[in-house]
Amino acid sequence: MDVKGKIAVVTGGGSGYGLGIACALRKAGAKVFITGRNQAKLEAAAAANDLQAVTADASVGSDWDKVFQTTGGVDILVNNAGFGGSIAPVAEQDDAGIISTINTNLTGVIMGCSRAGKIMMAQKSGIILNISSVCALYAWPGWSVYTAAKAGLSKFSHGLYTELRPYGVRVTCVTPSWGQTDFNKAANISGASEDAELAAKCIAPADLGKLVLEIIETPDHLAIPDVTMQPMIQDINPM
């Protein structure tokens, strides 16, 4: 896909990986809309980077309708919005927290893909990239609910690929690990959130933005269903 002039939507685009991806697409010439719940933060990021802001909660269907009414279409959808929720054993979590984690990381993505899929099927072109997490591949105590959502996102992406492939629409599940984002601090990830030298060796938002752009610019007759990026500094044992 030639990104220049294409309409791109990046959820959770006000900071971190989302903003890194949005900036990479904008520099390549796309018209980029970023979404998020924090209007002030979103508008500040948009103004500083020549992006368009649409305040929206990715877990709310009517907000998705507002997004696509505002953009007038979509060629590239990057489902980046997500959060760790309560990082604690399942036995210590309440129903509201569990539902919120699943809705933001999985249900909301499905609702967005449902709407974007209809648009892309009609125009017989487009690409959807769902940002997962290394938690979908491995298991750590306290991360079970988040892991379930991200693992579900991975398998959903595979199913969506089979449905949209006949229409010339590609789907990729991108799986990053430790990053130079606020997620590490919010989720209290030991080491990555405390050690500045270690954090500097994690995935930068611009790194993920470059990877996403390269996937999109892969020739349209080729697909990359899955790709994983993790920093060399991170020890995952066993792999």
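That block above? That's the structure.
Calculation notes
- Residues numbered from 1 in each chain as written.
- Predicted model: local features only at pLDDT ≥ 70, side-chain atom pairs only at ≥ 80, totals over all residues.
- Heavy atoms only, no water.
- Helix = DSSP H or I, 4+ residues; strand = E, 2+ residues; numbered from the N terminus.
- Expected span 1.5 Å × (residues − 1).
- Buried < 20%, exposed > 50% of the residue type's maximum accessible area, 1.4 Å probe, protein only.
- Contact = heavy atoms within 4.5 Å.
- Salt bridge = Lys/Arg side-chain N within 4 Å of Asp/Glu carboxyl O.

S.K.: Got a minute to help me understand helix α8 (residues 205-216) in this structure?
M.R.: Three or four residues apart is the spacing at which side chains of an α-helix point the same way, because the helix has 3.6 residues per turn. With twelve residues, α8 extends 17 Å from end C-alpha to end C-alpha; this agrees with the ideal 16 Å at 1.5 Å per step. Along α8, the positions that sit buried rather than exposed are Leu 208, Gly 209, Leu 211, Val 212, Leu 213, Ile 215 and Ile 216. Looking at the packing, one finds that the buried side of α8 touches α1 (16-27), β4 (76-79), β5 (126-131), β6 (169-176) and β7 (226-229).

S.K.: I tried to follow the pattern of salt bridges on my own but got confused; where do I start?
M.R.: Between side chains of opposite charge, pairing is possible as soon as their charged atoms come close. Counting across every chain of the model gives four salt bridges. A salt bridge links Arg 26 to Asp 50, with the nearest nitrogen and oxygen atoms 2.7 Å apart. Placement of Arg 26 in helix α1 and of Asp 50 in the loop between α2 (39-49) and β3 (52-55) is noted, with a sequence separation of 24 residues between them. Owing to a relative accessible area of 27%, Arg 26 belongs among the partly exposed residues under this scheme. Assessed through its relative accessible area of 48%, Asp 50 is described here as partly exposed. Among the salt bridges present, the one from Asp 65 reaches Arg 115, with a minimum N-O distance of 2.7 Å. Placement of the pair is Asp 65 in helix α3 (residues 61-71) and Arg 115 in helix α4 (residues 95-123), with a sequence separation of 50 residues. Classification of Arg 115 by relative accessible area gives partly exposed; the value is 24%.

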